[in-house]
Amino acid sequence: MFTKKAALLFLLLCPLLSSCGRTEPIQQSGFYFDTIITVTLYDPAKTAELEHCFELASLYESYFSASMDDSDISRINDSPGSPVQVHKETADLINKGLYYCELSQGKFDITIGNLTSLWDFHSDVPSIPDAAAVAKAAAAADYRNVIVNGNEITLTADAAAIDLGGIAKGYIADQIKEYLLSQGITSGLINLGGNVLAIGSKPNGNAYTIGIQKPFDDTGASIASVQIRDQTVVTSGVYERSFEKDGRLYHHILDTETGYPYSNGLLSVSVICPYSADGDGLSTSCFSLGLEDGMKLIESLEDTEAVFITSDYELLCSSGIGTDIPFQNLEK
């Protein structure tokens, strides 16, 4: 599905692309991993390389998708208690996910597949799932039930299921960038449903200006912008997939303890760092940890900054925003 997040960030990038210098960009989009992927390059001779990006996206989707019957993840989920041989990339991604599970003390958890499947935020008429089913699925989620032995993965809990949706798109973006760099490409943008990853700088040497979405603004307006070179901007927000019921907002960032959406006074967290998979893991982790603990985590990491937006639309930034990372609050 072309998510709201993907649509809005794509719209934010469009005017930026037209002003990146005199080099006319080439661009291609495709639908993979439940989102629109757009790659923009500034060398018109690189059409073959541009097309190969989408071959990579298709390949990784066939590894990481929990909805494809023969994917690595589906085979793991279908074989609880038994070791499953997977591709190296799948093992690498699971290890990356487990790192953020540990770093966030389980607030980010890759074994919540049965819980996320209960919440259908894509439905035209979404509903609150059965409380008993939510409790059961939440209780089964525990990343410590995943054992990695080289390229062999074992899920030890029958009631758990791996879901890499919280980190896979960032990993795919990083792999596409690595491929393009190996082909001598020095300028470009990769957008996977809101994971915006820059290759170098613009052809004229300037930084890319990336908008941070104003939560719940259907026009695609930005509340702020940052300037990046060779970095990524990844946002986790309650507005991306959500619905209201009886005056309460339900969104897709689920508390691994209760099974229900977090209600912690945050609307979104945008992370700026070198790698998009890290941005994925950190944006979800920091949102789940809440403002105080999430900010502490960001400040403990090198080359990593973040912008937190609270429920009253206050922007709170880590110490390097405005100094290491040029920043503009567009509401002022």
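Residues numbered from 1 in each chain as written. Predicted model: local features only at pLDDT ≥ 70, side-chain atom pairs only at ≥ 80, totals over all residues. Heavy atoms only, no water.

## So, the sheet that holds strand E4 (residues 146-149)
(1) Moving on: Reading across from one edge, E3-E5-E4 is the order of the 3 strands in this open sheet, with antiparallel pairing throughout. Two strands lie at the open edges of the sheet, namely strand E3 (84-85) and E4, each paired on one side alone.
(2) Moving on: With 2 bridges joining them, E3 and strand E5 (residues 152-155) adopt antiparallel strand pairing. The residue bridging Val 84 from the neighbouring strand is Ile 153, located in E5. (Pairing = 2+ DSSP bridges. Helix = DSSP H or I, 4+ residues; strand = E, 2+ residues; numbered from the N terminus.)

## What to know about the pattern of salt bridges
(1) Moving on: Per the stated rule, a full pass over the model turns up 7 salt bridges.
(2) Moving on: The shortest N-O distance in the salt bridge between Asp 142 and Arg 144 comes to 2.9 Å.
(3) Moving on: Between Lys 177 and Asp 230 there is a salt bridge, with the nearest N and O atoms lying 2.8 Å from each other. Here the residue Lys 177 occupies a position in helix H7 (residues 168-182), and Asp 230 occupies one in the loop between strand E9 (222-228) and strand E10 (232-237), the gap between them amounting to 53 residues.
(4) Moving on: By relative accessible area, which is 9% here, Lys 177 ends up buried. (Salt bridge = Lys/Arg side-chain N within 4 Å of Asp/Glu carboxyl O. Buried < 20%, exposed > 50% of the residue type's maximum accessible area, 1.4 Å probe, protein only.)

## Observations concerning the nonpolar core
(1) Moving on: Core analysis: the biggest nonpolar cluster contains 82 residues, and Val 39, Phe 64, Ile 76, Ile 94, Leu 180 and Ile 190 have the highest contact counts within it.
(2) Moving on: Ranked by residues supplied to this core, first place goes to helix H2 (residues 47-64) with 8 residues.
(3) Moving on: Counting 10 residues, the second largest nonpolar core, distinct from the first, contains Leu 115, Trp 119, Ala 137 and Phe 243. (Core = buried A, V, L, I, M, F, W, Y, C linked by side-chain atoms within 4.5 Å.)

## Regarding the pairing of strand E7 (residues 195-200)
(1) Moving on: Counting buried positions over the 6 residues of E7 gives 6, a clear majority of the element.
(2) Moving on: In this sheet, E10 lies alongside E7 in antiparallel orientation, the contact comprising 2 bridges. By the bridge assignment for E10, Leu 197 is matched with Thr 232.

## Regarding the confidence of the model for the protein chain
(1) Moving on: Per-residue pLDDT for the protein chain has a mean of 90; in total, 93% of the residues score no lower than 70.
(2) Moving on: Predicted confidence for residues 1-21 stays below pLDDT 50, and this span has 54 contacts to residues more than four positions away or in other chains. (pLDDT = per-residue confidence, 0-100. Contact = heavy atoms within 4.5 Å.)

## Here's the deal with the layout of surface pockets
(1) Moving on: The computed volume of the largest pocket comes to approximately 1200 Å³.
(2) Moving on: In this structure, the largest pocket is lined by 47 residues; those nearest its centre are Thr 116, Asp 163, Gly 165, Gly 166 and Arg 241.
(3) Moving on: Of all the secondary-structure elements, those providing two or more residues to the lining of the largest pocket are H2, helix H5 (113-116), E10 and helix H8 (276-289).
(4) Moving on: The element best represented in the lining of the largest pocket is H8, accounting for 4 residues.
(5) Moving on: Tallied by class, the residues present in the lining of the largest pocket amount to 16 nonpolar, 20 polar and 11 charged. (1 Å grid on protein atoms, 1.4 Å probe; cavity = no way out; pocket = protein on both sides within 12 Å on 5 of 7 lines; lining within 4 Å. Points joined across faces, edges and corners; volume = space filled by probe spheres on them. Nonpolar A, V, L, I, M, F, W, Y, C, P; charged D, E, K, R; others polar.)

## Some thoughts on the side chain of Ser 270
(1) Moving on: Relative to the helices and strands, Ser 270 resides in strand E13 (residues 266-273).
(2) Moving on: Given a relative accessible area of 0%, Ser 270 falls into the buried group.
(3) Moving on: Within the structure, Ser 270 has its side chain in polar contact with the side chain of Thr 235 (distance 2.6 Å). (Polar contact = N/O pair within 3.5 Å; in protein donor to acceptor, adjacent residues only side chain to side chain.)

## Thoughts on the sheet that holds strand E14 (residues 305-310)
(1) Moving on: The 8 strands lie next to each other as E1-E2-E6-E7-E10-E13-E14-E15, forming an open sheet whose pairing is antiparallel. The open sheet is flanked by strand E1 (26-32) and strand E15 (315-317), the only strands paired with a single partner. Averaged over all pairs of adjacent strands, the angle between strand axes in this sheet comes to 15°, irrespective of strand direction.
(2) Moving on: Note: E10 against E13, 6 bridges, orientation antiparallel. For Ser 236, the partnering residue across the bridge sits in E13 and is Val 269.
(3) Moving on: This element, H2, spans E1 and strand E2 (35-41) of the sheet and lies at about 15° to E1.
(4) Moving on: Its contacts with the sheet place H7 against E2, strand E6 (187-192) and E7, and it is angled at close to 15° to E7. (Axes fitted to C-alpha atoms, helices over the stretch in contact; angles between N-to-C directions.)

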